[in-house]
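Listed below are the residues making up each chain.
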Amino acid sequence: MAVADRRTTPPAPTPATLVPTSAAPATSAAPATPVVLGIGLAVLATLVWSGSFVTSRALGDSVPPVQHAFWRWVVALAVVAPFGARRAWRQRDLIRRHLGFVLLASLLGVTVYNTLVNQAGVTTPAANMGMIMAASPVLMAVFERAGGVRLGPRRVAGLLLACAGVLLLVGGGTSFSAGDLWMIAAACCFGSYSALLRRRPAGLDGTGFLFTTFLFGTVLLLPAQGVSLAVQGGFSPAPGNVLPLLYVGVASSAVAFFAWNKAISLIGPSRAGIVYYLQPVCVALLSWALLAEPTGWAQAACMALILGGVVLGAASGTGPRR
């Protein structure tokens, strides 16, 4: 009987038999998923923001820059409020404890940055705006390196290659104007804002944070909005200016800022900054197609350098961050 029992009773499963052989590749691929998602979100934000530079240029003659920025964030607040207002209220104590951080992020990313971009759009072609703005990833990388993050040789090489493309584009363009100086200031604001996001307090909800910065940034714009209305007067709403304002309020603010902030949390500002180098390429193509701004072979060659730098720098992010 004992022999029969041993023969009919199946052996107990071992740990190896409980784990399917297909599980190993999934485990090894898992660390790459946040990187792929982060790069995808950074690309989405960059593409959407490229359209906002064209919009700033197109509205430069009909909507005063401060009013453009103010109504953009009013629209963005209306879009984000159903998702973020309640979360921000639940975290009001956390926001109050980190009020200085939230106010600084609101000032840099909402109040000042887009106002400077709109001011630049009055005198500077959209393609130039995108080219100069692409210098902001350098500042992102400097801030991240100062924070103790090792960038890695491939990421640095991609950064330098893309930066060379931007410098060649700017150097081969038209002479400097006041709008170019406004854009340099805007690039510094955006680079500082992106670096600041890495220090977002733990536990602060992303959507709630977005709503709070939009709200504070809009409130901080109120004095400048009042001055603009008193000095420049308002603008007459028409499809030609209302539709672009809806685009920058919904897509370029609510959607793109959420995607960018999430990308920063997943892959860091320097890696996202390399993807951001796609922007001058996208802006140049859009300004050529929509505003009839010229694009020549020299610009195309520089854009190829920028794209090469993006691919090189982004590909280096498939491993763990160091």
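Residues numbered from 1 in each chain as written. Predicted model: local features only at pLDDT ≥ 70, side-chain atom pairs only at ≥ 80, totals over all residues. Heavy atoms only, no water.

Trainee: When you look at the overall build of the chain in this model, what are you seeing that I'm missing?
Mentor: Counting its secondary structure elements, the chain contains 16 helices and zero strands. Taken over 322 residues, the chain has a buried fraction of 48%. Residue pairs at least 24 apart in sequence account for 92% of intrachain contacts in the chain once pairs closer than 6 positions are excluded. For the chain, the exposed area adds up to about 15,200 Å²; of that, 72% sits on carbon and sulfur atoms. (Helix = DSSP H or I, 4+ residues; strand = E, 2+ residues; numbered from the N terminus. Buried < 20%, exposed > 50% of the residue type's maximum accessible area, 1.4 Å probe, protein only. Contact = heavy atoms within 4.5 Å. Areas by Shrake-Rupley, 256 points an atom, 1.4 Å probe, with all protein chains shown as cover.)

Trainee: Just checking my understanding: could you explain the packing of helix 11 (residues 178–197) against helix 13 (residues 239–267) for this structure?
Mentor: Helix-helix packing is described using two parameters, namely the angle between the two axes and the distance between the axes. It is the contact of helix 11 with helix 13, at a shortest axis distance of 9 Å, that shows an interaxial angle of 55°. Here helix 13 runs oblique to helix 11, going by the angle between their axes. Between helix 11 and helix 13 the crossing geometry is right-handed. For the pair formed by helix 11 and helix 13, the contact residues are F190, Y193, S194 and L197 on the first element and F257, W260, N261 and I264 on the second. Among the residues making up the contact of helix 11 with helix 13, the classes are represented as six nonpolar, two polar and no charged. (Axes fitted to C-alpha atoms, helices over the stretch in contact; angles between N-to-C directions. Parallel < 35°, antiparallel > 145°, perpendicular 65-115°, else oblique. Left-handed = near helix turned anticlockwise from the far one by under 90°. Nonpolar A, V, L, I, M, F, W, Y, C, P; charged D, E, K, R; others polar.)

Trainee: Would you mind going over the packing of helix 5 (residues 65–90) against helix 13 with me for this structure?
Mentor: Look at helix 5 against helix 13: their axes get within 8 Å of each other, and the N-to-C directions meet at 60°. As judged from the angle between their axes, helix 5 and helix 13 are oblique. Where helix 5 crosses over helix 13, the two elements pack in a sense that is right-handed. Within the contact between the two elements, helix 5 uses H68, W71, R72, W73, V75, A76, V79 and V80 and helix 13 uses L245, L246, V248, G249, V250, S252, S253, A254 and F257.

Trainee: Where do I start with the nonpolar core in this structure?
Mentor: One recurring pattern in soluble globular proteins is that nonpolar side chains are buried together. With 61 residues, the main nonpolar core has F53, Y113, M183, F214 and W260 as its most contacted residues. By size, the runner-up hydrophobic cluster in this structure holds 10 residues, among which are A134, A141, A162 and I274. (Core = buried A, V, L, I, M, F, W, Y, C linked by side-chain atoms within 4.5 Å.)

Trainee: Is there a simple way to explain the pattern of salt bridges in this structure?
Mentor: In total, this model carries two salt bridges according to the counting rule given. Measuring nitrogen to oxygen at the nearest pair gives 2.8 Å for the salt bridge that ties R96 to D93. Within this pair, R96 and its partner D93 are both found in helix 6 (residues 92–97), separated by three residues, close to a single helical turn. The class of D93 is partly exposed, set by a relative accessible area of 43%. (Salt bridge = Lys/Arg side-chain N within 4 Å of Asp/Glu carboxyl O.)

Trainee: Could you clarify how one ought to interpret the environment of M183 in this entry?
Mentor: Topologically, M183 is positioned in helix 11. For the pair formed by M183 and A120, sequence separation is 63 residues and the distance between their alpha carbons is 5.8 Å. Among all residues touching M183, those that are not within four sequence positions of it are F53, V117, A120, M129, I132 and M133.

Trainee: Help me out: how do you make sense of a nonpolar patch on the surface in this one?
Mentor: On the surface, L99, L103, L104, L107 and L220 cluster together to form a nonpolar patch covering roughly 370 Å² of accessible area. Top element by residues in the nonpolar patch is helix 7 (residues 99–120). It accounts for four residues. With respect to the helices and strands, the residue L104 is situated in helix 7. The class for L104 is partly exposed, based on a relative accessible area of 38%. (Patch = residues over 30% accessible without salt bridge, like charges linked within 9 Å, V, L, I, M, F, W, Y side chains within 5 Å.)

Trainee: Mind showing me how you'd approach the confidence of the model for the chain here?
Mentor: Here the chain shows a mean pLDDT of 78. Residues at 70 or above account for 77%. Below a pLDDT of 50 lies the segment residues 1–10, which in the model reaches zero contacts outside its immediate sequence neighbourhood of four places, other chains included. Low confidence marks residues 12–30, where pLDDT is under 50. Its contacts with residues over four positions away, or in another chain, come to one contact. (pLDDT = per-residue confidence, 0-100.)

Trainee: I would appreciate a short explanation of the state of the cysteines in the present structure.
Mentor: What is meant by a disulfide is a covalent connection between two cysteines, made through their sulfur atoms. On inspection of all chains with the given rule, the structure shows zero disulfides. In this structure C188 is a free cysteine whose sulfur lies 7.3 Å from that of C189, the closest cysteine sulfur available. Accessibility expressed as a relative area gives 41% for C188, which makes it partly exposed. Judged by its relative accessible area of 12%, C189 falls in the buried class. (Disulfide = S-S within 2.5 Å.)

Trainee: Just to check I follow, could you spell out the side chain of T213 for this structure?
Mentor: With respect to the helices and strands, the residue T213 is situated in helix 12 (residues 206–232). On the basis of relative accessible area, T213 is assigned to the buried category, the value being 1%. Apart from residues lying up to four places away in sequence, T213 is in contact with V102, A105, S106 and V110.

Trainee: Would you mind going over the environment of V54 with me for this structure?
Mentor: By the element assignment, V54 lies in helix 4 (residues 32–58). The buried category is assigned to V54, whose relative accessible area is 6%. In sequence terms V54 and G121 are 67 residues apart; their C-alpha atoms lie 8.4 Å from each other.

Trainee: Teacher, can you tell me more about the packing of aromatic side chains here?
Mentor: What characterises a pair of aromatic rings is the spacing of the ring centres plus the angle enclosed by the ring planes. Scanning the model with the defined rule gives 12 aromatic pairs in all. Measuring from centroid to centroid gives 5.3 Å for F70 and W71, while their planes differ by 80°, and the two rings are edge-to-face. Assessed through its relative accessible area of 37%, W71 is described here as partly exposed. When the ring of W73 is compared with that of F257, the centres are 5.4 Å apart and the planes differ by 80°; the resulting orientation is edge-to-face. On the criterion of sequence distance, the pair formed by W73 in helix 5 and F257 in helix 13 is long-range, its members being 184 residues apart. The two residues W73 and F257 agree in class, both being buried. Through a chain of ring-to-ring contacts, the aromatic side chains of W49, W73, Y113, F190, Y193, F214, F257 and W260 assemble into a single cluster. The residue whose ring lies beneath R72 is W73, and the NZ or CZ to ring-centre distance is 5.0 Å. (Phe/Tyr/Trp six-rings, centres within 6.5 Å; stacked < 30°, edge-to-face > 60°. Lys NZ or Arg CZ within 6 Å of the ring centre and 35° of its normal.)

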